[in-house]
Amino acid sequence: MKIGVISDTHIPARSYSIPDKVFEVFDGVELILHAGDIEDLSVVEKLEEIAPVIAVCGNCDNHPTLNTSEVIEVDGVKIGLIHGVVYPRGDTQQLYYLAKQLEVDVLVSGHTHQPMIQQIKDVLLLNPGSPTQPRLTDPTVMLLEIDDGKIEADIIKIGKPVCRVLDISQFKK
């Protein structure tokens with residue numbers, strides 16, 4: 001199964017819309033996971049034009065229809081979906097413990113606006129970053145492929161850095 005993973009879209013508070021490149025990257029996925037900070041549920045509706053969406057509530061969301069966590073099973077792999085509000089932000093030890101509480105093999109979280117793929121012991125921690133408001137990195141989403149219990153995760157850059165300091169092309173002649 002091919003899964004699109006996205007987080008921290010912050011629409012319309014911090015961005016007007018989902019970048020077109022997201023729809024290109026997610027073309028052909030069978031499921032989309034959104035790790036919260038959606039803000040306007042029209043984002044979920046727009047993504048559902050591509051594939052079914054499972055979304056969780058982030059710290060900037062106020063949607064009683066969204067849970068704070070979801071657990072799904074795909075081809076024998078248990079995947080947990082949370083926003084990931086831990087302190088310090090992005091602390092992998094705390095994320096690992098949250099994965100153990102949910103009893104999952106893979107934990108997808110957001111909140112940091114920075115992409116991450118990190119194996120800690122028996123848990124794969126994933127963060128797709130943010131396609132609209134990355135922090136000191138490129139705007140990104142993630143593709144997750146699960147086949148016969150094997151997991152492959154890829155971070156997909158969908159645009160140039162939002163911060164001009166990170167765009168070294170401005171210094172080339």
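Residues numbered from 1 in each chain as written. Predicted model: local features only at pLDDT ≥ 70, side-chain atom pairs only at ≥ 80, totals over all residues. Heavy atoms only, no water.

Student: How do you make sense of the packing of aromatic side chains when you look at a structure like this?
Tutor: For any pair of aromatic rings, the description rests on two quantities: the centre-to-centre distance and the angle between the ring planes. Per the stated rule, a full pass over the model turns up 1 aromatic pair. Relative to Tyr97, the ring of Tyr96 has its centre 5.8 Å away and its plane inclined at 65°; by these criteria the two rings are edge-to-face. Relative accessible area serves as the criterion here: at 10%, Tyr96 is assigned to the buried category. The ring centre of Phe23 lies 5.9 Å from the NZ or CZ of Lys46, which sits over that ring. (Phe/Tyr/Trp six-rings, centres within 6.5 Å; stacked < 30°, edge-to-face > 60°. Buried < 20%, exposed > 50% of the residue type's maximum accessible area, 1.4 Å probe, protein only. Lys NZ or Arg CZ within 6 Å of the ring centre and 35° of its normal.)

Student: Could you clarify how one ought to interpret the pairing of strand E5 (residues 77–82) in this entry?
Tutor: Along any regular strand, the residues point their side chains to alternate faces of the sheet. A large share of E5 lies buried, amounting to 5 of its 6 residues. Pairing geometry for strand E4 (residues 69–74) and E5, over 6 bridges, is antiparallel. Following the sheet pairing, Glu70 is matched in E5 by Leu81. What sits between E4 and E5 in their antiparallel hairpin is a turn of 2 residues, with Asp75 showing a positive phi close to 50°. Bridge count for E5 against strand E6 (residues 106–108) is 3 bridges, and the pairing is parallel. Looking across to E6, one finds that Leu81 is bridged to Val108. Handedness of the E5-helix H3 (residues 92–102)-E6 crossover: right-handed. (Helix = DSSP H or I, 4+ residues; strand = E, 2+ residues; numbered from the N terminus. Pairing = 2+ DSSP bridges. Right-handed = clockwise from strand over helix to strand, strands pointing away.)

Student: How should the sheet that holds strand E7 (residues 115–120) be read in this particular structure?
Tutor: Backbone-to-backbone hydrogen bonds pair the strands of a sheet. The strands run either parallel or antiparallel. Spatial ordering of the open sheet is given by E4-E5-E6-E8-E7, a layout of 5 strands whose pairing is mixed. In this open sheet, the two edge strands, each paired with only one partner strand, are E4 and E7. In this sheet, adjacent strand axes meet at a mean angle of 15° when their direction is disregarded. Relative to the sheet, H3 contacts E4, E5, E6, E7 and strand E8 (123–128), its axis offset from that of E8 by approximately 115°. (Axes fitted to C-alpha atoms, helices over the stretch in contact; angles between N-to-C directions. Contact = heavy atoms within 4.5 Å.)

Student: Where do I start with the nonpolar core in this structure?
Tutor: Side chains of nonpolar character tend, in soluble globular proteins, to be buried together. Membership of the largest hydrophobic core comes to 20 residues, with the highest contact counts inside it found for Ile6, Val22, Phe26, Ile32, Leu47 and Val141. Secondary structure elements with two or more residues in this core: helix H1 (20–25), helix H2 (42–47), strand E3 (53–55) and strand E9 (140–147). When residues of this core are assigned to their parent elements, the largest contribution, 3 residues, is made by H2. With sequence-adjacent residues up to four places away left out, Val141 is seen in contact with Val5, Ile6, Val22, Val25, Phe26, Pro128, Pro131, Asp154, Ile155, Ile156 and Ile158. (Core = buried A, V, L, I, M, F, W, Y, C linked by side-chain atoms within 4.5 Å.)

Student: Would you take a moment to explain H3 for this structure?
Tutor: Two residues of an α-helix separated by three or four positions point the same way, owing to the 3.6 residues in each turn. Restricting attention to buried positions, one finds in H3 the residues Leu95, Tyr96 and Ala99. Taken end-on, H3 shows its buried residues confined to a sector of 105°, consistent with a single buried face. Looking at the buried residues of H3, the elements they touch are E5, E6, E7 and E8. Two residues or fewer past H3, Glu103 is found with a positive phi of approximately 60°. (Arc of directions from axis to C-beta.)

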